[in-house]
Amino acid sequence: MTVLVTGSSGKVGAHLVRLLHEQGVAVRAGSRGPEKLTLPDGVASVKLALDDPADFPAALAGVTSVFLYCEPAAIGEFVAQAEAAGVRHVVIMSADAVLRPDAAVNPIAAPHVAVEQALAASSITSTPLNCGALASNAMPWAWQLKARGTVGLPYPNSYADPVNERDVAEAALAVLTDPSLGGRSYHLTGPEALTFTQHIKVIEAAAGRSIPVAQVPPAVWRANKPDFMPGDIADALLELWAASDSPVPLTGDVEKLTGHPARPFTEWAREYAGPFRG
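What comes next is a walk through the structure. (Residues numbered from 1 in each chain as written. Predicted model: local features only at pLDDT ≥ 70, side-chain atom pairs only at ≥ 80, totals over all residues. Heavy atoms only, no water.)

## Some words on the overall build of the protein chain
No. 1: Of the regular secondary structure elements, the protein chain holds twelve helices and eleven strands.
No. 2: For the protein chain, the C-alpha radius of gyration of 19 Å lies close to 19 Å, the compact-globule estimate for 278 residues.
No. 3: Taken along its principal axes, the extent of the C-alpha atoms in the protein chain is 55 × 40 × 35 Å.
No. 4: By the burial criterion, 50% of the 278 residues in the protein chain qualify as buried.
No. 5: Put simply, 72% of the contacts in the protein chain that link residues at least 6 apart link residues at least 24 apart.
No. 6: For the protein chain, the exposed area adds up to about 12,500 Å²; of that, 53% sits on carbon and sulfur atoms.
No. 7: With 20 positive and 28 negative side-chain charges, the protein chain shows a spacing of 6 Å between the two charge centroids. (Helix = DSSP H or I, 4+ residues; strand = E, 2+ residues; numbered from the N terminus. Rg over C-alpha atoms; globule rule 2.2 N^0.38 Å. Buried < 20%, exposed > 50% of the residue type's maximum accessible area, 1.4 Å probe, protein only. Contact = heavy atoms within 4.5 Å. Areas by Shrake-Rupley, 256 points an atom, 1.4 Å probe, with all protein chains shown as cover. Lys, Arg positive; Asp, Glu negative; His and termini not counted. Charge placed at Lys NZ, Arg CZ, Asp CG, Glu CD.)

Okay, structure coming up:
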């Protein structure tokens, strides 16, 4: 068994590479910039940009399973190359936005839907991990705090279900190494639904400081969105936050796959409190 982990520079991918290596599974770390990876001894890396089919043959050679981030730009070519290489199983890091009624046209969900559908139509067994809001979505607040001295929230009472990236990686490890778990989808959430204001309170306790919060008009937030964020994604986020005024549904799928309860947001906050201290 050889597992190709795409996006190995990301938190989930990096955790998964380490976990697979510790389990004695042959793992290949794929990344757009493999020279920048810090890998365990004995783990091979390969250049892999999921929007560049020229990278696919070398990355997939000899691979039996793949952990795949959702990049739809060349998903047809990726699936064809994976089939030709003899890949038997693909675990997809997807989003729970695909569970929404408007998933096919929702800018957040649509790329994930495209990847899931391409794999479902292939001869390869696929296992989507439909993740809720990742805990690390809170990290941009540290950048706001440093730049402006406050965190601006258009909908401070919007709820999310922060799921720890370590839990996602452990869930992926389970479905990659236990054939009985493959071929179905899992909805991964954190153990609690928290408003953004409650997120901030947890981070304050971990960082040992007060974090000023200002409610900003949605149009102002939209005008000051991060440069890397497409406008349609910003609009979709505002729509999502406006609609999430009650606790989001939670599942037990993290515990089902990992054998332990999902990690609370307090654990993430303790680990990443440094940038919030200033």
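Continuing now.
## Comments concerning the side chain of aspartate 253
No. 1: Inspection of the secondary structure assignment puts aspartate 253 in helix α10 (residues 253-258).
No. 2: Given the relative accessible area of 12%, aspartate 253 is considered buried.
No. 3: At 2.8 Å, the side chain of aspartate 253 and the backbone nitrogen of histidine 187 are in polar contact.
No. 4: Sequence-distant contacts of aspartate 253, that is, excluding residues within four places in its chain, are made with Tyr186, His187 and Leu188. (Polar contact = N/O pair within 3.5 Å; in protein donor to acceptor, adjacent residues only side chain to side chain.)

## Section: the nonpolar core
No. 1: Residues Leu16, Leu20, Phe67, Leu188 and Leu257 are the most contacted members of the largest nonpolar core, which totals 33 residues.
No. 2: Mapped by element, the contributors of at least two residues to this core are β1 (2-5), α1 (11-22), β2 (26-31), β5 (89-95), β6 (125-131), α6 (165-177), β9 (186-188) and α10.
No. 3: Element by element, the count of residues in this core is highest for α6, at eight residues.
No. 4: Once you skip the residues sitting within four places of it in the chain, leucine 188 turns out to touch Leu129, Asn130, Cys131, Gly132, Val163, Val168, Ala171, Asp253, Val254 and Leu257. (Core = buried A, V, L, I, M, F, W, Y, C linked by side-chain atoms within 4.5 Å.)

## Quick notes on the environment of glycine 183
No. 1: Considering the arrangement of structural elements, one finds glycine 183 in the loop between α6 and β9.
No. 2: When the C-alpha atoms of glycine 183 and glutamine 81 are compared, they prove to be 20 Å apart, with 102 residues separating the residues in sequence.
No. 3: Ignoring sequence-local partners within four residues, the contact set of glycine 183 consists of Thr125, Ser126 and Thr127.

## Regarding helix α5 (residues 139-148)
No. 1: By the burial criterion, the buried members of α5 are Met139, Trp141, Ala142, Gln144 and Leu145.
No. 2: Those residues of α5 that are buried lie in contact with β7 (151-153), α7 (196-207), α11 (265-271) and α12 (274-277).
No. 3: Positive backbone phi, approximately 80°, marks glycine 149, located one or two places after α5.

## As for the packing of α1 against α6
No. 1: At a closest axis distance of 8 Å, the pairing of α1 and α6 adopts a crossing angle of 50°. Here α1 is positioned oblique relative to α6, judged by the angle of their axes. The hand of the α1/α6 crossing is right-handed. Counted together, Lys11, Val12, His15, Leu16, Arg18, Leu19 and Leu20 of α1 and Glu165, Arg166, Val168, Ala169, Glu170, Ala172, Leu173, Leu176 and Thr177 of α6 form the full contact between these two elements.
No. 2: Class assignment of the residues belonging to the contact of α1 with α6 gives a composition of nine nonpolar, two polar and five charged. (Axes fitted to C-alpha atoms, helices over the stretch in contact; angles between N-to-C directions. Parallel < 35°, antiparallel > 145°, perpendicular 65-115°, else oblique. Left-handed = near helix turned anticlockwise from the far one by under 90°. Nonpolar A, V, L, I, M, F, W, Y, C, P; charged D, E, K, R; others polar.)

## Considerations on helix α9 (residues 231-243)
No. 1: The end-to-end C-alpha distance of α9 is 19 Å, a good match for the 18 Å that 13 residues give at a rise of 1.5 Å each.
No. 2: Taken together, the buried positions of α9 are Ala234, Ala236, Leu237, Leu238 and Trp241.
No. 3: Where α9 is buried, its residues contact α7 and α8 (218-223). (Expected span 1.5 Å × (residues − 1).)

## Considering the sheet that holds β1
No. 1: Across the sheet, which stays open at both edges, the seven strands sit in the order β3-β2-β1-β4-β5-β6-β9 with parallel pairing between neighbours. Edge positions in the open sheet fall to β3 (44-47) and β9, since each of these has one partner strand only. Strand-to-strand twist of the sheet, defined as the mean angle between neighbouring strand axes without regard to direction, takes the value 20°.
No. 2: Pairing analysis gives four bridges linking β1 to β2, with the strands arranged parallel. Bridge pairing in β2 links threonine 2 to alanine 26.
No. 3: Lying over the sheet, α1 contacts β1, β2, β4 (65-69) and β5, oriented at roughly 165° with respect to β1. (Pairing = 2+ DSSP bridges.)

## With respect to the environment of leucine 238
No. 1: Among the secondary structure elements, leucine 238 is positioned in helix α9.
No. 2: Measuring from C-alpha to C-alpha, the distance between leucine 238 and alanine 219 comes to 9.4 Å, with 19 residues separating the pair along the chain.
No. 3: Not counting residues up to four positions away in its chain, the partners in contact with leucine 238 are Pro154, Tyr155, Pro218, Trp221 and Arg222.

## Section: the pairing of β5
Side-chain direction in a regular strand flips from residue to residue, so the side chains alternate between the two faces of the sheet.
No. 1: The buried count for β5 comes to seven of seven residues, which makes it a mostly enclosed element.
No. 2: Residues of β5 alternate between two faces, with His89, Val91, Met93 and Ala95 on one and Val90, Ile92 and Ser94 on the opposite face, all of them buried.
No. 3: Taken together, the five bridges between β4 and β5 define a ladder with parallel strand orientation. Paired with serine 65 across the strands is histidine 89, a residue of β5.
No. 4: In the classification by handedness, the crossover that spans β4, the intervening helix α3 (residues 75-85) and the parallel β5 is right-handed.
No. 5: Looking at chain direction, β5 and β6 are connected through seven bridges and run parallel. Bridging across to β6, isoleucine 92 finds its partner in proline 128.
No. 6: Regarding topology, helix α4 (residues 110-120) serves as the crossover connection from β5 to the parallel β6, and that connection is right-handed. (Right-handed = clockwise from strand over helix to strand, strands pointing away.)

No statement about biological role is implied by the geometric values presented.
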